[in-house]
Amino acid sequence: MLLLFVCLILGTLVARFAKPPAGIVQGINWWVLNVALPALVLELIPKVKFDPQLWFPVAAMWLTFGGAWLLFGLLGPRLGWSRQRTGALILVCGLGNTAYMGYPLIEALHGKPGLALAVVADQIGAFPVLASAGIVVASIYSGRTPQPRLIARRIVTFPAFIALVVGIVVGLLGGWPELLNGVFAPIGATLTPLALFSVGLQFKFHPGHRQLGAAGWGLGWKLLLAPLLCWVLGVATGVGGLVLTVGVLQAAMAPMVSAAILADEYELEPTLANTVLGAGIVLSLITIPLGNLLLGG
């Protein structure tokens, strides 16, 4: 946990005082997404034992997004929100930071077994939601037409998704030779410090008076109601143990950085998206450990 705070604060201080070179965030994110994350997936996925309960962390990601779409789709017109504001909240509060924040936090709280489950929730749950339903929502609320072929290509060409497929096949064949494990592990280990450092570099929190109400609704769903609903679903269907805990905690993660970027790209009130993102990151550093205690972690 100390490593998480140090990397996050270091990134914030560097962005504010050290004048980092232009493009540093893009460079770090490229390494994390295209090298460190696939290496981590290749290390962990072959070791995952695919038991019947693994549907739950994936379903929790879809429930979080679907619930946000339903809630804010109904609430927005009643509160006089613009379509751009509604779309922004669906994106940033329906999609969790299950990689950049989720991997380090889950590993800190539950070690490698928890991290392997966090990868399942992220790669089979959150990422496909972002690349499919997330693009659809962004298109609808910005007045554009979704392109199914582009969405499908975005999913199947993502390096971590390719690594996921390879990892599943390797796991079925008995796993990697020990020599390769010694390569994947240290490369994947760079994800935690660099991801949190990148989040710190991008941290912004400039709430306007007119944003506070919408931000409150969004964070109330993302940090409290969504994980509570996921816990109810898990308990009602007999899911327990570490699978239940990790699934609920991943549903409770701060809003996704990529979702805020997507909101900006589609002109869905980016200032609100960044406000919710910044506040969610700070609050989740408190709510995730507290939620873990309540779940018996």
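See the structure printed just above.
Residues numbered from 1 in each chain as written. Predicted model: local features only at pLDDT ≥ 70, side-chain atom pairs only at ≥ 80, totals over all residues. Heavy atoms only, no water.

**A look at the layout of surface pockets**
Computed from the structure, the largest pocket encloses a volume of approximately 890 Å³. Lining the largest pocket are 35 residues, and of these N29, L33, V257, S258 and I261 sit closest to its centre. Breaking the lining of the largest pocket down by element, the ones donating at least two residues are α2 (24-44), α5 (102-142), α9 (191-202), α12 (257-265) and α13 (270-294). Take the lining of the largest pocket: its biggest share by element is seven residues, from α12. In the lining of the largest pocket, the residues fall into 19 nonpolar, eleven polar and five charged. If you trace the second largest pocket, you find 15 residues lining it, with P227, L228, V248, G291 and L294 closest to the centre. No other element matches the six residues that helix α10 (residues 212-236) contributes to the lining of the second largest pocket. (1 Å grid on protein atoms, 1.4 Å probe; cavity = no way out; pocket = protein on both sides within 12 Å on 5 of 7 lines; lining within 4 Å. Points joined across faces, edges and corners; volume = space filled by probe spheres on them. Helix = DSSP H or I, 4+ residues; strand = E, 2+ residues; numbered from the N terminus. Nonpolar A, V, L, I, M, F, W, Y, C, P; charged D, E, K, R; others polar.)

**Quick word on α5**
With 41 residues, α5 extends just 29 Å between its outermost C-alpha atoms, more than 12% less than the 60 Å of an ideal straight helix rising 1.5 Å per residue. G111 marks where α5 bends most, by close to 140°; the proline P113 follows one to four residues later. Of all 41 residues that make up α5, 31 are buried, and the element is covered over most of its length. Looking one or two residues past α5, G143 carries a phi angle of roughly 85°, positive in sign. (Expected span 1.5 Å × (residues − 1). Bend = angle between axes of the 7 residues up to and from the residue. Buried < 20%, exposed > 50% of the residue type's maximum accessible area, 1.4 Å probe, protein only.)

**Some points on the pattern of salt bridges**
Under the defined criterion, the tally for this structure stands at four salt bridges. A salt bridge links E269 to R85, with the shortest nitrogen-to-oxygen separation between them at 2.7 Å. With a gap of 184 residues between them, E269 in the loop between α12 and α13 and R85 in helix α4 (residues 83-94) connect regions that are remote in the sequence. R85 carries the same exposure label as E269, and that label is buried. The residue E107 makes a salt bridge to K112 at a minimum N-O spacing of 3.9 Å. Taking the relative accessible area as the measure of exposure, E107 reaches 28% and is therefore partly exposed. Through salt bridges with shared partners, a single network forms among E43, K47, E107 and K112. (Salt bridge = Lys/Arg side-chain N within 4 Å of Asp/Glu carboxyl O.)

**Description of the nonpolar core**
Among the nonpolar cores identified, the biggest contains 100 residues, and F72, L91 and Y103 are the most heavily contacted of them. The element that contributes the greatest number of residues to this core is α5, accounting for 19 residues. Setting aside chain neighbours within four positions, we find L91 in contact with F65, G134, V137, A138, A259, L262, A263 and L268. (Core = buried A, V, L, I, M, F, W, Y, C linked by side-chain atoms within 4.5 Å. Contact = heavy atoms within 4.5 Å.)

**Concerning the packing of aromatic side chains**
Scanning the model with the defined rule gives four aromatic pairs in all. For the pair W55 and F56, a centre-to-centre distance of 5.9 Å together with 90° between the ring planes defines the contact as edge-to-face. With relative accessibility at 0%, the residue F56 sits in the buried group. With centroids separated by 6.3 Å and ring planes inclined at 40°, the aromatic side chains of F72 and W81 adopt a geometry described as tilted. Of the two residues, F72 and W81, neither departs from the other in class, the shared state being buried. (Phe/Tyr/Trp six-rings, centres within 6.5 Å; stacked < 30°, edge-to-face > 60°.)

**Some details on the side chain of E43**
Topologically, E43 is positioned in helix α2. Residue contacts for E43: discarding those within four places in its chain leaves K112, N181, F184 and A185.

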